[in-house]
Amino acid sequence: QAEAVIAARRKLVEGAVGMVETALIDINEKSLAVFTPAQKVALAGTIFKAGEVTKTDQSARYVLFDLARKVYIQAGEVDDALRAARQLEREYEMPENDVVAATITALNEAAVVSEQRAVLARAAADLADELIAAGEFERADALAAIATLSAGRQKDADLKKLASEIAGIKTG
């Protein structure tokens, strides 16, 4: 009988998480289009904080952190999106740098202002370096390309030089 109660509770939690996910996706798709980047950052910060205080429901916590990450991406907020990605990897034992790399890729495709583009280039270059050291050349190549592209959009000579060096490493 205890197993039946646990199974019923699990089903209720799964249903609740599903409803929250659906509602958040609706908000994400319909409402966020009219938000300014600053409003998106504020919303993502609130969602992230809700994830931090949600201690007993790991599924809801995951959904909140991931949603915060996605809203940060839409806002073009690199550091906070990467912080949420690292939180997910750390807490949910995901392969190291998988969510971070996916976040960098998504940020590269998002509307990112010039200052954040420089942060993105540095983050992509740093992760590419880590992946090269780990022998993950294919993934490093993709991130080096993002670093090069992002750096190319900047007027920062040091950043362009760093991106060129990474590009040289990946081909060398």
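This part covers helix α3 (residues 58-75). Helix length check: α3 (18 residues) gives 26 Å between terminal C-alpha atoms against 26 Å at 1.5 Å per residue, within 8%. Taken together, the buried positions of α3 are occupied by R61, V63, L64, F65, D66, L67, A68, R69, V71, Y72, I73 and A75. Residue G76 follows α3 closely and has a positive phi angle near 75 degrees.

Summary statistics for the protein give a mean pLDDT of 82 and a share of 72% for residues scoring 70 or more. Within the protein, helix α8 (residues 157-171) has the poorest average pLDDT of any element, 59, and helix α4 (residues 78-91) the best, 95.

A separate point is the side chain of T103. For T103, the location among the structural elements is in helix α5 (residues 98-109). A distance of 2.8 Å separates the side chain of T103 from the side chain of R69, its partner in a polar contact. Apart from the residues within four sequence positions on either side, T103 is in contact with R69, I73, A81, L82 and A85.

Moving on, we come to helix α6 (residues 114-133). Helix length check: α6 (20 residues) gives 29 Å between terminal C-alpha atoms against 28 Å at 1.5 Å per residue, within 8%. Every buried residue of α6 is accounted for by Q116, R117, A118, L120, A121, A123, A124, A125, L127, A128 and L131. Positive phi appears at G135, one or two residues downstream of α6, with a value of about 80 degrees.

Attention now moves to the nonpolar core. Ranked by size, the top nonpolar core spans 35 residues in total, and within it I104, L127 and L143 carry the most contacts. Put simply, the parts of the chain that give this core at least two residues each are α2 (37-53), α3, α4, α5, α6 and α7 (137-152). The residues touching L143, leaving out its near neighbours within four places in the chain, are A101, I104, A124, L127, A128 and L131.

Rules used in this analysis
Residues numbered from 1 in each chain as written. Predicted model: local features only at pLDDT ≥ 70, side-chain atom pairs only at ≥ 80, totals over all residues. Heavy atoms only, no water. Helix = DSSP H or I, 4+ residues; strand = E, 2+ residues; numbered from the N terminus. Expected span 1.5 Å × (residues − 1). Buried < 20%, exposed > 50% of the residue type's maximum accessible area, 1.4 Å probe, protein only. pLDDT = per-residue confidence, 0-100. Polar contact = N/O pair within 3.5 Å; in protein donor to acceptor, adjacent residues only side chain to side chain. Contact = heavy atoms within 4.5 Å. Core = buried A, V, L, I, M, F, W, Y, C linked by side-chain atoms within 4.5 Å.

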